[in-house]
Amino acid sequence: MDNYRMIAKTLYGFESILAKELLDLGALDIKEGNRMVSFAGDKGFMYKANLCLRTAIKILKPYESFRVNSEQELYDNIKKLPWEKFLADDGSLAIDSAVHSEIFTHSQYVALKSKDAIVDRFREKFGKRPDVDLDFPDLRINIHIENNFCNVSFDSSGDSLHKRGYRTATNIAPINEVLAAGMLLMSGWDGQCDFLDPMCGSGTIPIEAAMIACNIPPNLNRKEFAFEKWNDWDEDLYEKIEESAMKKVRDFHFKIKGYDKAPSAIMKAKDNVKNANLSDFIDIEQRSFFESEKQKEGYLHMLFNPPYGERLEIDIEDFYGKIGDTLKQNYPGTHAWFIATNFEAIKSVGLRASRKIKLYNGPLEARLLKYVLYEGSKKKSKQENN
């Protein structure tokens with residue numbers, strides 16, 4: 001099979017992590033961009049990228065590029081492409097669009113104009129036209145306009161790849177699965193110690209941590225990918241890719257725990273852990289972090305997404321002060337990471353962060369913070385390590 005260029009879209013700040021994931025999977029000619037990484041591979045690699053990448057939200061297969069200086073040019077260029085090679089006249093399509101242009105200022109209008117061009121071509125050629133199906137189309141098309149340059153791509157993923165398929169129940173402010181996986185990889189989590197999410201909500205972070213620890217493909221539980229409806233869909237090849245990925249699953253000899261004080265969150269987290277077939281690796285307990293302490297000696301890796309006062313009513317400064325006190329007093333020998341969007345609240349933690357990494361939690365600018373809690377005094381710890 002021939003190699004071709006593809007684009008993996010991601011969240012802000014995860015470009016280098018995604019590039020490393022692609023390198024580890026065997027991608028060629030990897031180039032980082034803004035919220036995306038381009039690479040080369042064949043059809044089997046496209047299947048593997050969708051199945052195995054933890055920090056990608058879409059895998060696009062570029063189809064055509066051209067300059068556009070008007071709506072009519074966009075319509076004409078889209079209409080002249082041979083869409084009948086990829087889509088039946090009684091099939092269905094959906095178009096996603098993104099624009100960064102002074103000529104085109106509304107992405108929905110670009111999607112509508114592109115749809116009109118495609119269905120007009122079918123109507124003129126065959127007397128019939130494909131339907132629009134926004135949920136389960138036969139072909140999902142991505143139109144991206146940057147200034148006066150238009151890229152037309154096929155979306156091989158369908159639903160965003162953060163929709164892993166294991167999460168049927170969520171709490172009030174669930175964290176995106178790709179964001180959770182990216183933060184875990186950024187924190188250096190590799191499954192070589194115990195792990196705790198002390199405010200686990202519906203269990204996303206512990207589940208992503210377990211899949212990284214065991215090297216389980218993150219999208220194993222998805223119901224479908226868009227490429228399964230393509231004309232060149234090769235089910236035998238996909239099954240070989242999946243079988244090969246499953247052979248790389250490894251044992252995990254430590255424990256992953258999730259705490260939450262809300263009984264409703266605990267029920268949801270346990271359901272999601274069960275859906276992900278990870279009950280052997282994850283313990284979910286109803287417990288307030290502020291009344292907890294480290295369970296065992298030795299290094300503990302902690303990562304969590306505390307409430308940030310947007311949707312949950314809390315005294316934010318008091319809450320973050322308690323986070324700092326609990327870490328300081330009850331969790332020696334721990335590397336604690338958490339994401340925060342309230343920069344004033346961070347000051348209330350009362351500990352110096354050894355790392356601050358800019359990310360976004362949805363539309364909110366955030367910081368991923370690292371706090372190192374030493375066993376005994378910092379000075380003593382350094383002396384023992386020398």
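Model, not experiment: these values are computed from the prediction. (Residues numbered from 1 in each chain as written. Predicted model: local features only at pLDDT ≥ 70, side-chain atom pairs only at ≥ 80, totals over all residues. Heavy atoms only, no water.)

1. What to know about the environment of N147
Relative to the helices and strands, N147 resides in the loop between strand 7 (139-146) and strand 8 (149-155). With relative accessibility at 49%, the residue N147 sits in the partly exposed group. Considered as a pair, N147 and N69 are 78 residues apart in the sequence and their alpha carbons are 9.0 Å apart. Ignoring any residue separated from it by four or fewer positions in sequence, one finds N147 in contact with H100, S101 and I103. (Helix = DSSP H or I, 4+ residues; strand = E, 2+ residues; numbered from the N terminus. Buried < 20%, exposed > 50% of the residue type's maximum accessible area, 1.4 Å probe, protein only. Contact = heavy atoms within 4.5 Å.)

2. Thoughts on the pattern of salt bridges
Applying the stated criterion to the full structure yields 23 salt bridges. Residue D155 is joined to K58 by a salt bridge in which the shortest nitrogen-to-oxygen separation is 2.7 Å. In this pair, D155 is assigned in strand 8 and K58 in strand 4 (residues 58-67), connecting sequence segments 97 residues apart. Counted as one network, the salt bridges with shared partners bring together R5, D29 and K31. (Salt bridge = Lys/Arg side-chain N within 4 Å of Asp/Glu carboxyl O.)

3. Focus: the sheet that holds strand 9 (residues 194-197)
Hydrogen bonds along the backbone pair up the strands of a sheet, which may run parallel or antiparallel. Strand order in the open sheet formed by seven strands is 11-10-9-12-13-15-14, with mixed pairing between adjacent strands. The outermost strands of the open sheet, each flanked by one partner alone, are strand 11 (282-286) and strand 14 (355-361). Pairwise comparison of adjacent strand axes, ignoring direction, gives a mean angle of 20 degrees for this sheet. Relative to strand 13 (residues 334-340), strand 12 (residues 300-304) is paired through five bridges, and the arrangement is parallel. If you follow H301 over to strand 13, its bridge partner there is H335. Contacts from helix 8 (residues 263-275) reach strand 10 (256-260) and strand 11 within the one sheet, and its direction differs from that of strand 11 by about 165 degrees. Across the face of the sheet, helix 9 (residues 316-330) comes into contact with strand 12, strand 13 and strand 15 (364-373) while running at roughly 170 degrees to strand 13. (Pairing = 2+ DSSP bridges. Axes fitted to C-alpha atoms, helices over the stretch in contact; angles between N-to-C directions.)

4. Section: the packing of helix 5 (residues 177-186) against helix 6 (residues 204-214)
Where helix 5 meets helix 6, the closest approach of the two axes is 9 Å, and the angle between their N-to-C directions is 55 degrees. With respect to their mutual orientation, helix 5 and helix 6 come out oblique. For helix 5 against helix 6, the interelement crossing comes out right-handed. On the side of helix 5, the interface is formed by E177, A180, A181, M183, L184 and L185, while helix 6 contributes T204, I205, E208, A209 and I212. Residue composition of the contact of helix 5 with helix 6, by class: eight nonpolar, one polar and two charged. (Parallel < 35°, antiparallel > 145°, perpendicular 65-115°, else oblique. Left-handed = near helix turned anticlockwise from the far one by under 90°. Nonpolar A, V, L, I, M, F, W, Y, C, P; charged D, E, K, R; others polar.)

5. A few points about the state of the cysteines
In total, this model carries zero disulfides according to the counting rule given. The closest cysteine sulfur to the non-disulfide-bonded C214 is located on C193, 13 Å from its own sulfur. (Disulfide = S-S within 2.5 Å.)

6. As for unusual backbone geometry
Residues other than glycine seldom take positive phi values, yet D29 does so here, at roughly 50 degrees. With respect to the element layout, D29 can be found in strand 2 (residues 28-32).

7. Quick look at the domain arrangement of the protein chain
Domain boundaries in the protein chain define domain 1 (4-155) and domain 2 (177-215 + 225-373). The interface is formed by 29 residues belonging to domain 1 together with 27 residues belonging to domain 2. Each partner contributes to the roughly 2,400 Å² buried at the junction of domain 1 and domain 2, and carbon and sulfur atoms together form 69% of this total. When residues of domain 1 are sorted by the area they lose upon contact with domain 2, Y12, Y47 and R54 head the list and together hold 31% of the total. At the junction of domain 1 with domain 2, the criterion picks out one salt bridge. (Domains from an automatic or database assignment. Buried area = accessible area lost by both parts, 1.4 Å probe.)

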